[in-house]
Amino acid sequence: MQTLGLADSTPSTDNRLKSLFWPSVKTAIDVDSLGTQGYWVCTAVGVATLILSLIVDQPFIGLLYLIFYYIGGVGVRERSRYAAIVVAFMYALETLFVVLTSDLRTLTIYLSARLVIHVLLTALLLANVRATWIASQWSPTSEEAILPPRLNDTWTDKLADQAPMWLWPRIGILYYIYSAGFMAMMVVLWWMYNYD
């Protein structure tokens, strides 16, 4: 595989922490790895939100969140600026809601940890917006501009490389409609919660 230039172990030009919070694109490998990274961040946020929703006995809302963040991650993997922006915006609103509905005078360990996690994930999703924006504009005219082939060997390759490539063209427009409706619904629910 290495002699064909298809090695999976070609390193990204940034270290992992810099790549997460302040990504840059110098090669096609960076473009591909930022898309994969954005996909996994959105998927992790969706799964975490589902778990928290199950804990507070709201499985339906948790499932809607999982769909929202997972398909948003699929869009991020396919370099959709809209998907990156809408996912970051929704999570930033959710973080704001947590701050506004929390009694900050009595910070407990749980509330402190929740706020820290929300702020970190919001920062990661905002970095995803920047990474997606840069990756979607990157197109130098050279052999280095050719994106590496998407792998299909392991289940993570199938999830992060193959599934988004197949899903996004089929459900991208539906996601635009779903995400706008879901965000509107959640803003109304948060507003009703705040003023009841």
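Every value quoted in this text rests on a predicted model; they were computed, and no experiment measured them. (Residues numbered from 1 in each chain as written. Predicted model: local features only at pLDDT ≥ 70, side-chain atom pairs only at ≥ 80, totals over all residues. Heavy atoms only, no water.)

Caption draft 1: Expanded view of the overall build of the protein chain. Across its full length, the protein chain holds six helices and zero strands. Counted from the first residue to the last, the protein chain has its helices and strands arranged as α-α-α-α-α-α. Counting every position in the protein chain, which comprises 196 residues, the buried fraction comes to 41%. Across the protein chain, contacts joining residues at least 24 apart in sequence account for 70% of those joining residues at least 6 apart. (Helix = DSSP H or I, 4+ residues; strand = E, 2+ residues; numbered from the N terminus. Buried < 20%, exposed > 50% of the residue type's maximum accessible area, 1.4 Å probe, protein only. Contact = heavy atoms within 4.5 Å.)

Caption draft 2: The arrangement of the nonpolar core in detail. Grouped together as the largest cluster of nonpolar side chains are 33 residues, with contacts concentrated most on Tyr65, Phe68, Tyr69, Val87, Met90, Leu125 and Tyr175. If you list the elements that add at least two residues to this core, you get α2 (28-55), α3 (59-77), α4 (81-101), α5 (109-137) and α6 (155-194). Discounting chain neighbours no more than four positions away, the residues touching Tyr69 are Cys42, Val45, Gly46, Thr49, Val87, Met90, Tyr91 and Glu94. (Core = buried A, V, L, I, M, F, W, Y, C linked by side-chain atoms within 4.5 Å.)

Caption draft 3: How the structure looks around the packing of aromatic side chains. Considering all chains together, one arrives at 13 aromatic pairs under this definition. Grouping aromatic residues by their ring pairs yields a cluster made of Tyr65, Phe68, Tyr69, Tyr82, Tyr91, Trp168, Tyr175, Tyr176, Tyr178 and Phe182. Its guanidinium or amino end placed over the ring of Trp133, Arg81 lies 4.3 Å from that ring's centre, counting from NZ or CZ. (Phe/Tyr/Trp six-rings, centres within 6.5 Å; stacked < 30°, edge-to-face > 60°. Lys NZ or Arg CZ within 6 Å of the ring centre and 35° of its normal.)

Caption draft 4: Structural context of the environment of Met186. Inspection of the secondary structure puts Met186 in helix α6. As for Met186 and Met90, which are separated by 96 residues in sequence, their C-alpha atoms are 9.1 Å apart. When near neighbours in sequence (up to four residues on either side) are disregarded, Met186 contacts Ile61, Tyr65 and Met90.

Caption draft 5: The arrangement of the side chain of Thr122 in detail. You can see Thr122 is positioned in helix α5. On the basis of relative accessible area, Thr122 is assigned to the buried category, the value being 12%. In terms of polar contacts, Thr122 uses its side chain to reach the backbone carbonyl oxygen of His118, at 2.7 Å. Apart from residues no more than four positions distant in its own chain, Thr122 is found in contact with Tyr91, Ala92 and Thr95. (Polar contact = N/O pair within 3.5 Å; in protein donor to acceptor, adjacent residues only side chain to side chain.)

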